[in-house]
Amino acid sequence: MEPSAKIFSGTGSQYLAEKIAKKFGEPLGKVNIQRFSDGEIYVEFQESIRGQFVFLIQSTYSPTDNLMELLLMIDAAKRASAYKVIAVIPYYGFARQDRKDRPRVAIGAKLVANMITAAGADRVITMDLHAPQIQGYFDIPVDHLEASAIFIPYIEKLNLPNLTFAAPDVGSANRIREIASYFECEMVICDKHRKRANEIASMVVIGDVTGKDVVLIDDLCDTGGTLVKSALLMKEKGASSVRALCTHPVLSGNAYNNIQNSVLEELVVCDTIPLRGECTKIKVLSTDELFATTIRNAFENKSINSLFMRSRMANKK
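These figures come from a predicted structure and were not determined experimentally.

Parameters and conventions
- Residues numbered from 1 in each chain as written.
- Predicted model: local features only at pLDDT ≥ 70, side-chain atom pairs only at ≥ 80, totals over all residues.
- Heavy atoms only, no water.
- Salt bridge = Lys/Arg side-chain N within 4 Å of Asp/Glu carboxyl O.
- Helix = DSSP H or I, 4+ residues; strand = E, 2+ residues; numbered from the N terminus.
- Buried < 20%, exposed > 50% of the residue type's maximum accessible area, 1.4 Å probe, protein only.
- Pairing = 2+ DSSP bridges.
- Axes fitted to C-alpha atoms, helices over the stretch in contact; angles between N-to-C directions.

1. Notes on the pattern of salt bridges
Here is step 1: Inspection of the entire model under this criterion finds 13 salt bridges.
Here is step 2: For the salt bridge of Arg 35 with Glu 69, the shortest nitrogen-to-oxygen distance reads 2.8 Å. In this pair, Arg 35 sits in strand S2 (residues 31-35) while Glu 69 sits in helix H2 (residues 65-79), placing the two residues 34 residues apart along the sequence.
Here is step 3: Residue classification places Arg 35 among the partly exposed residues on the basis of a relative accessible area of 39%.
Here is step 4: Linking Glu 266 and Arg 243 is a salt bridge whose minimum nitrogen-to-oxygen distance equals 3.0 Å. Of this pair, Glu 266 sits in the loop between helix H7 (255-260) and strand S13 (267-270) while Arg 243 sits in strand S12 (residues 241-249); the two residues are 23 residues apart in sequence, bridging distant segments of the chain.

Structure representation (structure tokens):
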């Protein structure tokens, strides 16, 4: 009997998993996730998964219960004799802790990778890691998807007359350079200096934005401070319009008010994390088709190369 694919979801990504399963063409599997009175998490699959490809969808955003749910689902699937257990993590939490940049700090991204591997995952599918090198923290295959597959068609529909891309910090420059190259347009960089986490001390724009329609692109938006300050600075430097595209809408603290009261035309995000507030400037694009296609290709042992920007650029030439 050939193994089949079964898709399950943790409570934190149920909204997205339902859409992915629908695009994939199979109903979402039944799993019972409960909490004891003290908050301890309990996981039980309510259907046989013996010898099956099991895809577990769960973003590991705050609170850490989401990560714990994923780990318990992986462990339960392995103990239920699943053939392969694939962790589908649309947003990989703790990714900002990707290196030891000062004494006596943890490397959270590596620790989480170790935990997922130790739990028994055979493969990881994720999107726009804060630092691409996190793929190397795993000793199992990682399919690292890019939101550019979703953002590029959206940008093309905008048909902006003087399109220019902007990296909100030096670390994002490589990602933005590829997109700017695809559109054959210019890019600028915002060089920022932080006093501490979530607090910007100073920022300068490297490049000319006069009369330009600027599109800021980043992997995530937390408090919105960087995007808001970058947008204001570019408007002061003569930009005609400024909008931002961010994959993961972490949006903590006063983020919604910060975005609403900013000079940004709009903030376009993906549905890797559910929105927890309201803001008329925020627009959500779904990742359901991209993940469903990746899950299908992983199950059928097919390449996912066509989903990446480099494939689009090759076809464009």
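2. Remarks on the sheet that holds strand S6 (residues 123-127)
Here is step 1: Within the open sheet, the five strands sit side by side as S1-S4-S5-S6-S7. Their pairing is parallel. Strands at the two margins of the open sheet, each flanked by one partner only, are strand S1 (5-9) and strand S7 (142-145). Along the sheet, successive strands turn relative to each other by an average axial angle of 15°, direction set aside.
Here is step 2: Direction of pairing for S1 relative to strand S4 (residues 53-57): parallel, over a ladder of five bridges. Across the sheet, residue Ile 7 finds its bridge partner in S4, namely Phe 55.

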